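# Examining the three-dimensional arrangement
As a plain string of letters, each chain reads:
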Number of protein chains: 4
Amino acid sequence: MTVSAETLRLLESQAIELPSWAFGNSGTRFKVFSTPGTPRTPQEKIADAATVNKFTALSPSVAIHIPWDKVDDYAALGKYAEDLGVTLGTVNSNTFQDDAYKFGSLTHLDPKVRQMAIDHHFDCIDIMHATGSADLKIWLADGTNYPGQGDIRGRQDRLADSLGKIYARLGEHQRLVLEYKFFEPAFYHTDVPDWGTSYAQVSALGDRAMVCLDTGHHAPGTNIEFIVAQLLRLGKLGSFDFNSRFYADDDLIVGAADPFQLFRILYEVIRGGGYGPDSTVAFMLDQCNNVEEKIPGQIRSVLNVQEMTARALSVDTVALAAAQEAGDVLGANGIMMDAFYSDVRTDLAAWRESRGLPADPIAAFKASGYQEKICAERVGGTQAGWGA
Amino acid sequence: MTVSAETLRLLESQAIELPSWAFGNSGTRFKVFSTPGTPRTPQEKIADAATVNKFTALSPSVAIHIPWDKVDDYAALGKYAEDLGVTLGTVNSNTFQDDAYKFGSLTHLDPKVRQMAIDHHFDCIDIMHATGSADLKIWLADGTNYPGQGDIRGRQDRLADSLGKIYARLGEHQRLVLEYKFFEPAFYHTDVPDWGTSYAQVSALGDRAMVCLDTGHHAPGTNIEFIVAQLLRLGKLGSFDFNSRFYADDDLIVGAADPFQLFRILYEVIRGGGYGPDSTVAFMLDQCNNVEEKIPGQIRSVLNVQEMTARALSVDTVALAAAQEAGDVLGANGIMMDAFYSDVRTDLAAWRESRGLPADPIAAFKASGYQEKICAERVGGTQAGWGA
Amino acid sequence: MTVSAETLRLLESQAIELPSWAFGNSGTRFKVFSTPGTPRTPQEKIADAATVNKFTALSPSVAIHIPWDKVDDYAALGKYAEDLGVTLGTVNSNTFQDDAYKFGSLTHLDPKVRQMAIDHHFDCIDIMHATGSADLKIWLADGTNYPGQGDIRGRQDRLADSLGKIYARLGEHQRLVLEYKFFEPAFYHTDVPDWGTSYAQVSALGDRAMVCLDTGHHAPGTNIEFIVAQLLRLGKLGSFDFNSRFYADDDLIVGAADPFQLFRILYEVIRGGGYGPDSTVAFMLDQCNNVEEKIPGQIRSVLNVQEMTARALSVDTVALAAAQEAGDVLGANGIMMDAFYSDVRTDLAAWRESRGLPADPIAAFKASGYQEKICAERVGGTQAGWGA
Amino acid sequence: MTVSAETLRLLESQAIELPSWAFGNSGTRFKVFSTPGTPRTPQEKIADAATVNKFTALSPSVAIHIPWDKVDDYAALGKYAEDLGVTLGTVNSNTFQDDAYKFGSLTHLDPKVRQMAIDHHFDCIDIMHATGSADLKIWLADGTNYPGQGDIRGRQDRLADSLGKIYARLGEHQRLVLEYKFFEPAFYHTDVPDWGTSYAQVSALGDRAMVCLDTGHHAPGTNIEFIVAQLLRLGKLGSFDFNSRFYADDDLIVGAADPFQLFRILYEVIRGGGYGPDSTVAFMLDQCNNVEEKIPGQIRSVLNVQEMTARALSVDTVALAAAQEAGDVLGANGIMMDAFYSDVRTDLAAWRESRGLPADPIAAFKASGYQEKICAERVGGTQAGWGA
């Protein structure tokens, strides 16, 4: 066995939330390709997400995006999800697609626009109460394209004020997680561009305000696992948005671009106490499947996280500490590489089977006829996408 | 006078082609904001471009994009432009918005799709004959998102083959310019990612195949003026797409992000013989005005190029050569900075007036009532955009 | 007059500290070129720095580096400086050139090495008492080259502990400023890689612990003026190390690579209250003059900061606020660009003369015979450099 | 068996040249740490390199650097190497450590300095005749730190002229390989900054002039395997300098920073015909072991290349082509990942033993007593380093 029993035990409780929007169409500013079987309703997105969980037992919850997943009855939506074996998770606010937000939302100079954005978050909190969601995730597109367009300092102060009002509205078991992003859609300055800003803002709010780390939202060359270690140390790592990138915020399948980086990130998560039943760190995907099949793409993603977690859990930490103490650079690095290069796939496949799951979840999904079924059924209507 | 008579004389013939699509709506994958007065037809775009030229005498031609600017009668379209004082310039092909091109166009594995893309270029050449356009510009979105998705090497060979067929179809006074781009919309590999690839491909075609340099299409930190100098030296700099960027292909107003870089680029253009009546280098803009006014944005852009050209023409090249020969690093650099820091704006305003142009073209445009007129007139219909 | 009387008044108190090591030899890992006249002692470095101040009245203090500037009698060294019209400023600790620090200093796993590094800082504080220096600046080379080589999290905890001991030793009018750096000399992880880490560490120490921002120490594309605005807002911007870069930590002359960036940085300094007699932000240079003349290089640098400060002070902030309120992107940006493109050099030259300073400090220095004098006098001995 | 017999057969002829300078001390501009047992002579470096080959059978030749490895009798040096089971390989010229080259070597404005640099290459060619070396490798530090310091265009022309003279001197079985590098030690422009420049320059020379690709010499985010594929396609990939980097030219152990990138590079090497007995592509390391043990560091490096080559050879290219043809993005990517995640280490260890080599070459080296022996013997004298 390459994978120890202890590692398998620790993998049992792994949960990676899926974003409902991963099942809708996505693309670039140049083109969004549509695909047969794409969901047209929040319910259909949830059904697809539940299917990923059915074949992997890795994704027991689904994040929703408001207003993309607006429905009349959220309790009913939650019940619908539960019937499919998943729950509704993080509620993601959207203040970047209304014309009013052209020059900002929570940071806007105009108090009316700011209040409109705050109210949207109040609505999201109401939805959280209906769905039982624990986390309100805020990613802001706020920023400017040209020097002088906005007042960087004033916007930061207004952001603090707006976040304070939203935070005050949270229920006592609810959290606010603030995501940062290096750039895009703003091309000169972004109001929450780095972990330091998110950390400073959420620290000013209180204990239930946390940082969300999206693995694709950093400057070139940034050591992301350092940020993981630092935020865990500071008690402020709230959640992950997993994906991967070669260039900017490419939103590719997690682990596809630099698997060794994913390994190092997960290693620091474990090292810092961010993994396991006692951790409050939430893990979710935030990817686009622009050119690949969506459901298999999400299955591949959660398996990538599972497999890499198995590798990271396999690091011989006792030997590693000894090598570090001895100043044995090659030895210490070798211990990390040994775990990374271990092929955990056979053991994990067997373990999955032992738990009543398919050894090869993608093959099982393909054999299931689900894709053919949704292609046949989901005809007419408007396919969901970022603008839906 | 800060600006010499010789410099003014050299500025007289400056021409910066405008892209018709700059007047339509643009945005990011997150949101495209619409604006009152946005053109709904190729004619309206041309009218706006002609307006920029009317106030600046800097943009006597308009590039068109096929199929975005498809009309039944291109000769009539050319006549329409001429009546407004401009001509139709570069024809830009578009092989990135048809579903068939999901996995490539000129590089596609399927010969039928390749032929479809080649045929599109044949159509563009036909249009060029009708409009009298000299340049066929090819920017390809071709590439892949994941390692293994495509065969990098085979795609390059197919690209060469497809380009060969297109090149063979050119009229004897027509050119093919091949644009390169670092990344986007492809996120793993791009088939023409750098100047070296474009250079190798066009060199294999012949004398009338040239490289197009878009200032926003490089890896972080790339010394763009070096590439300008190199391509001029190799006789292969066909044209420029001007814009600016802080991060990726941000498509901001040229000169807005790093004006000193624009200065250095224009200095090397002049140094290498790429400026002036004897040069065959074509200059055009390729920008998006996502959040700013479109016509004033284009006026600002051509003025930025004009002003920076004036500064670059002002470099004391005799003194510079002497300082370089003497190994006087600070002296040589100081000569460059002197030209860059010279405020040419007052002199250029006066010179404009002396030529019957407004001293302040943006103010003159705003006072002209043109914007109010198009806002009133252009109601109904579909605003032009990247998907129009 | 391009430069207003108010701007000139605000420029009067500008002070930019010079680093003593800028006058010694520097270079890259490939080669350090030596130059005639290079100082061999701390006194000679101070004399050169005082010369820069003599011709510019911009650099009334000199930062020293321990052990590079170790002397027996620091009070005497301070007196020596005063006699030349300057004072001794920031004391920079050096824990990166002793063999003991191969695997870290304040973060080292071995408590003996940590104590050695802490003791070195205690020595620096003693020197500060002797020289009257206010700031202890800590830049750490600590980090690792390979994943696994060190324990990122543990190192951060040890760093906090070490800094706490040093902070406790400070006199009540002394400050600790902690510099961050993206990478180099460590190539996998750096223990203080970003402003967030520096901010989190100094926040844990107390009011007199601040962040030092070196303009060359960021990831590609980082919006540095945003960090300036943020740190000022958080009350934690202690000091600047000015220089410029095209690629990594190139340590070029401030303003040489991207003058517009320097303008934006200084604009946010002013906007955030970081400039002027009431500000506690310390400004200094930290550059290498690898291939250019050293004293003129430093004169050029302080003049660059002065000229750019004049431009930044010239921004019409009332009009800017109005344009921002109106959502006039081009107008707001234009107000910034107007100030940037204003040629302040003639006015500043006249103003210098009015204050008994040379209009052209570099020319005056060259005419002074100082360089010839030091070339003749400073023969024999060992030229100062980074290892001196 | 994870590794097929065919793969093992193809691995038999793998050869990775070692650089003599890897065994000397190296470091950063901040500090070079010395280590016990470091060679003091070219002979001692060769002995260390031969030791790596003894334990791995992967490094049958040693590259030398002139003047670092200057000796009176190169034929004798070659004989010395042969007695240790290795040959002398690539001759690397050095035109960056003489004071005369402060402002350039082959590109220098002064014809006398250019001739001096050319003569140095003539000397290198003479040495190649004596040693039987096939390749003259030219890496130039030439470039400038400030805009205006040099004439980019003129320098390029002079480079072409100088290279032409050197190329003309080559023996008919000798090659010139021209290395490019993004930046460092020059911080504004570098005369051979990218593969396009190297390609254009060597194409102008002739068939025996080729490009050298150093894996650490690219802009952030560059797709290196694309360049590999392109250069192989163009018939101009002469050689590799293997190393790895997180940031700039970090010169870390090959495969240490991004093992998946190394996999993709080797895959394209194989795909393009660059691997195997018929290929003329030369593979060598160019790394620094700044903080790790040098001989084990080099052993680790060649093993990394061997193991990753085994993975790259294992790609099921028939299935891959089919998946590509079917537009099966996830399937195609999965085939690549399957090969990458295969754990080839056990099979390769067994295969090594079957060939009379140690299963674990690093452990065998450590047990051999070689390091203790050289530590004891190599006392006194000057340790070799970049300046030696």
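Residues numbered from 1 in each chain as written. Chains lettered and ligands numbered in written order. Predicted model: local features only at pLDDT ≥ 70, side-chain atom pairs only at ≥ 80, totals over all residues. Heavy atoms only, no water.

## Examining the relation of the copies chain D and chain B
- When chain D is brought onto chain B, the operation consists of a screw motion whose angular component is 180° and whose axial shift is 0.0 Å, with 0.0 Å RMSD remaining. What the rotation and shift describe, once combined, is the action of a two-fold rotation axis. Minimal C-alpha separation from the rotation axis in chain D is found for G196(D), amounting to 2.0 Å. (Least-squares fit on C-alpha atoms with pLDDT ≥ 70 in both.)

## Concerning the interface of chain D and chain B
- Taken together, the contacts link 53 residues of chain D with 53 residues of chain B.
- Across the chain D/chain B interface, buried area totals approximately 4,100 Å², and carbon plus sulfur atoms make up 62% of it.
- Together, R153(D), F226(D) and R233(D) form the three largest contributors to the area buried by chain D at its contact with chain B, with a combined 17%.
- In this assembly, chain D and chain B are joined by 4 salt bridges.
- Counting across the interface, chain D meets chain B through 20 residue pairs in polar contact (both at pLDDT 80 or more).
- Among the elements that take part in the side of chain D that touches chain B, helix α7 (residues 224-233) of chain D stands out by supplying 7 residues, more than any other. (Contact = heavy atoms within 4.5 Å. Buried area = accessible area lost by both parts, 1.4 Å probe. Salt bridge = Lys/Arg side-chain N within 4 Å of Asp/Glu carboxyl O. Polar contact = N/O pair within 3.5 Å; in protein donor to acceptor, adjacent residues only side chain to side chain. Helix = DSSP H or I, 4+ residues; strand = E, 2+ residues; numbered from the N terminus.)

## Re the sheet that holds strand β4 (residues 135-138) of chain B
Residue and element names in this part refer to chain B.
- Spatially, the 8 strands line up as an open sheet ordered β1-β2-β3-β4-β6-β8-β9-β10, and their pairing is parallel. Both edges of this open sheet fall to β1 (18-19) and β10 (282-285), since each of them pairs with a single strand only.
- Where β4 meets strand β6 (residues 175-179), 4 bridges bridge the pair, whose relative direction is parallel. Note on β6: the bridge partner recorded for K137 is V177.
- Contacting β2 (61-66) and β3 (87-93), helix α3 (residues 74-83) runs over the sheet at an angle of about 130° to β3.
- Against the sheet, helix α4 (residues 111-131) engages β2, β3, β4 and β6, with an angle of about 175° to β3. (Pairing = 2+ DSSP bridges. Axes fitted to C-alpha atoms, helices over the stretch in contact; angles between N-to-C directions.)

## Considerations on the pattern of salt bridges
All names here are of chain B.
- One pass over the structure, following the stated rule, counts 105 salt bridges over all chains.
- The partner of R378 in a salt bridge is D48, and the shortest N-O contact between them spans 2.8 Å. Of this pair, R378 sits in the segment after α14 (370-377) while D48 is found in helix α2 (residues 42-56), placing the two residues 330 residues apart along the sequence. An identical accessibility class is assigned to R378 and D48; each is buried.
- For D161, the salt bridge identified is with K165, shortest N-O distance 2.9 Å. (Buried < 20%, exposed > 50% of the residue type's maximum accessible area, 1.4 Å probe, protein only.)

## Some points on the pairing of strand β3 (residues 87-93) of chain C
Residues and elements named next belong to chain C.
- For β3, the buried fraction is high: 6 of the 7 residues fall into the buried class.
- Bridge count for strand β2 (residues 61-66) against β3 is 5 bridges, and the pairing is parallel. Residue I66 lies in a different strand from β3, and its bridge partner there is S93.
- Handedness of the crossover joining β2 and β3 through helix α3 (residues 74-83) is recorded here as right-handed. (Right-handed = clockwise from strand over helix to strand, strands pointing away.)

## Overview of the interface of chain C and chain B
- Facing 31 residues of chain C, the contacting portion of chain B comprises 31 residues.
- Each partner contributes to the roughly 2,300 Å² buried at the junction of chain C and chain B, and carbon and sulfur atoms together form 57% of this total.
- Its largest share of buried area at the contact with chain B, chain C owes to L330(C), Y341(C) and R345(C), together 30% of the area lost on that side.
- In this structure, the connection of chain C to chain B is made through 2 salt bridges.
- At the surface where chain C touches chain B, the tally comes to 2 residue pairs in polar contact (both at pLDDT 80 or more).
- If you list the elements that add at least two residues to the side of chain C that touches chain B, you get α8 (259-271), α9 (294-313) and α11 (329-341) of chain C.
- It is α11(C) that contributes the most residues to the side of chain C that touches chain B, 6 residues altogether.
- Here the residues of the side of chain C that touches chain B sort into 16 nonpolar, 5 polar and 10 charged. (Nonpolar A, V, L, I, M, F, W, Y, C, P; charged D, E, K, R; others polar.)

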